Amino acid sequence: MNDVLTTTFFSILAAGFFVGVIVGLTGMGGGALMTPALIFLGVGDAATVVTADLTAAAIYKSGGAAVHAREGSPNYRLAKWLIVGSVPMALLGPWIIHQIAGQEPESLDTLLKTCIGFALLFAASTYALRLYINLRRVRGGHPDADPNPPIRPIPTLLVGALGGLLVGITSVGSGSVIMIALLMLYPGLSAVKLVGTDLVQAVPLVLAAAISNIAINGLDWSILIPLVIGSTPGTMIGSRIAPRVPQSIIRRGIVIVLTMSGVALLDKSGWAPLGKDETHPILIGVIGLVMLALVPLIWGLVRKTQGLPMFGAPTVTELDAVEYGAPPPPR
């Protein structure tokens, strides 16, 4: 029993619970938060962490998809084309990265950390892109809500393929990247349909990625068990308190954390521009402080390009809550 209830066990459990609460609060992807958290805890190499995170995600995403399916919110025709593109690439992704890395475990670990670092920066950028799209929608008028828009098979399949490859390699992107692509391809899709469709397509995607990674890397139960035990109640608690918590502020904080984590993983992997011989914690801290100071200014300049004052309505909080087909927030 003492071999199971170790300090590492409780560290993973706590990380799973904390990330679960954040996912329940904001709906932002767990893989983008959990994978770097486990890597920085030092509980295993990158391949082991990615495999455990994908397996845990396959469990808790299934519950969310089942809820949306009972409520009739997913667009199954749209989900079908996403799955056709994503599942094969999710199965191929781990094999491709192993072929590129070669036989050396250290080479694989370094390459995976580099890929995850860039994936985190990509995921952080999707939040800013979503706000910009919502700002354009508010200024240009909301498209009419359309629960069953005409499906665009080829673009949808390609979005699924990109998301599948990203998730299969890094475990990041099943929510953030695919969600923003759907938002751009189908602007009239209602918010509940968007989330439901994304969750339904994410289950076979994450499951395929988990199976492929398990086949290649094996599964570390000492990581998976506390991860599931911690993240499941965390997600439930986060979902319950979400209506009473300012989600927009938390999401903006997550973007800064994702950016700093992405740079930290690139630094840890020895990415050439950052140097291979030492890490740069001061640089990572400075990046966080610069984002706190400059992001509001940059956002103000973006608002001016849309004919709005630098600060004022619609606020980031209002844009973050834009619903498709709903009346626009005040201008």
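Residues numbered from 1 in each chain as written. Predicted model: local features only at pLDDT ≥ 70, side-chain atom pairs only at ≥ 80, totals over all residues. Heavy atoms only, no water.

Looking up the protein chain in an unreviewed UniProt entry gives the name Probable membrane transporter protein, with the organism given as Nocardioides endophyticus. Quoted straight from UniProt, the Sequence similarities (unreviewed entry) entry for the protein chain says "Belongs to the 4-toluene sulfonate uptake permease (TSUP) (TC 2.A.102) family." (UniProt positions renumbered as here; feature names shortened; annotations may be inferred.)

## Notes on the overall build of the protein chain
When helices and strands are counted, the protein chain shows twelve helices and zero strands. What you see in the protein chain, going N to C, is helices and strands ordered as α-α-α-α-α-α-α-α-α-α-α-α. Classification of the 331 residues of the protein chain by burial places 50% in the buried group. Partitioning the intrachain contacts of the protein chain with sequence separation of at least 6 by distance along the chain shows that 82% fall at a separation of at least 24. A total of about 15,300 Å² of accessible surface is found on the protein chain, and carbon and sulfur atoms cover 69% of it. (Helix = DSSP H or I, 4+ residues; strand = E, 2+ residues; numbered from the N terminus. Buried < 20%, exposed > 50% of the residue type's maximum accessible area, 1.4 Å probe, protein only. Contact = heavy atoms within 4.5 Å. Areas by Shrake-Rupley, 256 points an atom, 1.4 Å probe, with all protein chains shown as cover.)

## Section: the packing of helix α4 (residues 76–101) against helix α6 (residues 153–170)
The description of two helices packed together rests on the angle between their axes and the distance between the axes. At a minimum axis separation of 6 Å, α4 and α6 run at an interaxial angle of 35 degrees. Every pair of crossing elements has a handedness; the one defined by α4 and α6 is right-handed. Residues Leu78, Trp81, Leu82, Val84, Gly85, Ser86, Met89, Ala90, Gly93, Pro94, Ile96 and Ile97 of α4 lie in contact with α6, whose contacting residues are Pro153, Thr156, Leu157, Val159, Gly160, Ala161, Gly164, Leu165, Gly168 and Ile169. The class makeup of the residues in the contact of α4 with α6 is 15 nonpolar, seven polar and no charged. (Axes fitted to C-alpha atoms, helices over the stretch in contact; angles between N-to-C directions. Left-handed = near helix turned anticlockwise from the far one by under 90°. Nonpolar A, V, L, I, M, F, W, Y, C, P; charged D, E, K, R; others polar.)

## Here we look at the packing of aromatic side chains
Overall, the coordinates contain one aromatic pair when judged by the stated rule. With centroids separated by 5.4 Å and ring planes inclined at 80 degrees, the aromatic side chains of Phe9 and Phe10 adopt a geometry described as edge-to-face. On the basis of relative accessibility, which here comes to 46%, the residue Phe10 falls in the partly exposed class. (Phe/Tyr/Trp six-rings, centres within 6.5 Å; stacked < 30°, edge-to-face > 60°.)

## Some remarks on the nonpolar core
What tends to happen in soluble globular proteins is that the nonpolar side chains get buried as a cluster. Among the nonpolar cores identified, the biggest contains 67 residues, and Leu38, Leu54, Leu112, Leu120, Leu182, Tyr186 and Leu258 are the most heavily contacted of them. Beyond its immediate sequence surroundings of up to four residues, Leu54 is in contact with Val167, Ser171, Val206, Ala209, Ala210 and Asn213. (Core = buried A, V, L, I, M, F, W, Y, C linked by side-chain atoms within 4.5 Å.)

## As for the UniProt feature "transmembrane region" (unreviewed entry) in the protein chain
In the UniProt entry, the feature "transmembrane region" (unreviewed entry) is given for residues 12–33, 39–60, 81–98, 110–133, 154–185, 205–229, 249–266 and 282–302. Taken end to end, residues 205–229 is 88% helix and 0% strand, and its first and last C-alpha atoms sit 22 Å apart. Within residues 249–266, the helical portion is 100% and the strand portion 0%, while the C-alpha atoms at the span's ends are 26 Å from each other.

## Some words on the confidence of the model for the protein chain
The pLDDT averaged across the protein chain works out to 80; a share of 81% of its residues lies at or above 70. The low-confidence segment residues 324–331, where pLDDT is below 50, has 30 contacts with residues more than four positions distant or belonging to other chains. (pLDDT = per-residue confidence, 0-100.)

## Points about a nonpolar patch on the surface
On the surface, Ile282, Val286, Val290, Leu294, Leu297, Ile298 and Leu301 cluster together into a nonpolar patch covering about 620 Å² of accessible area. For Leu297, the position within the fold is in helix α11 (residues 281–305). Judged by relative accessible area, which is 41%, Leu297 ranks as partly exposed. (Patch = residues over 30% accessible without salt bridge, like charges linked within 9 Å, V, L, I, M, F, W, Y side chains within 5 Å. Salt bridge = Lys/Arg side-chain N within 4 Å of Asp/Glu carboxyl O.)

## Concerning unusual backbone geometry
One non-glycine residue, Ser171, lies in the positive phi region at around 75 degrees. By secondary structure assignment, the location of Ser171 is in the loop between α6 and α7 (176–185).

## Details of the pattern of salt bridges
Applying the stated criterion across every chain, the model contains one salt bridge. Put simply, Lys113 and Asp109 hold a salt bridge, and the shortest N to O gap is 3.0 Å. Remark: Asp109 and Lys113 occur in helix α5 (residues 105–140); sequence separation between them is four residues, near one turn of the helix. Lys113 gets classed as buried once you look at its relative accessible area, which sits at 12%. A residue is classified by how much of its surface remains accessible, and Asp109, at 17% relative accessible area, is buried.

## Looking at the side chain of Thr156
Topologically, Thr156 is positioned in helix α6. Ignoring anything within four residues of it in the chain, the contact list for Thr156 reads Leu78, Trp81, Leu82, Leu185 and Tyr186.

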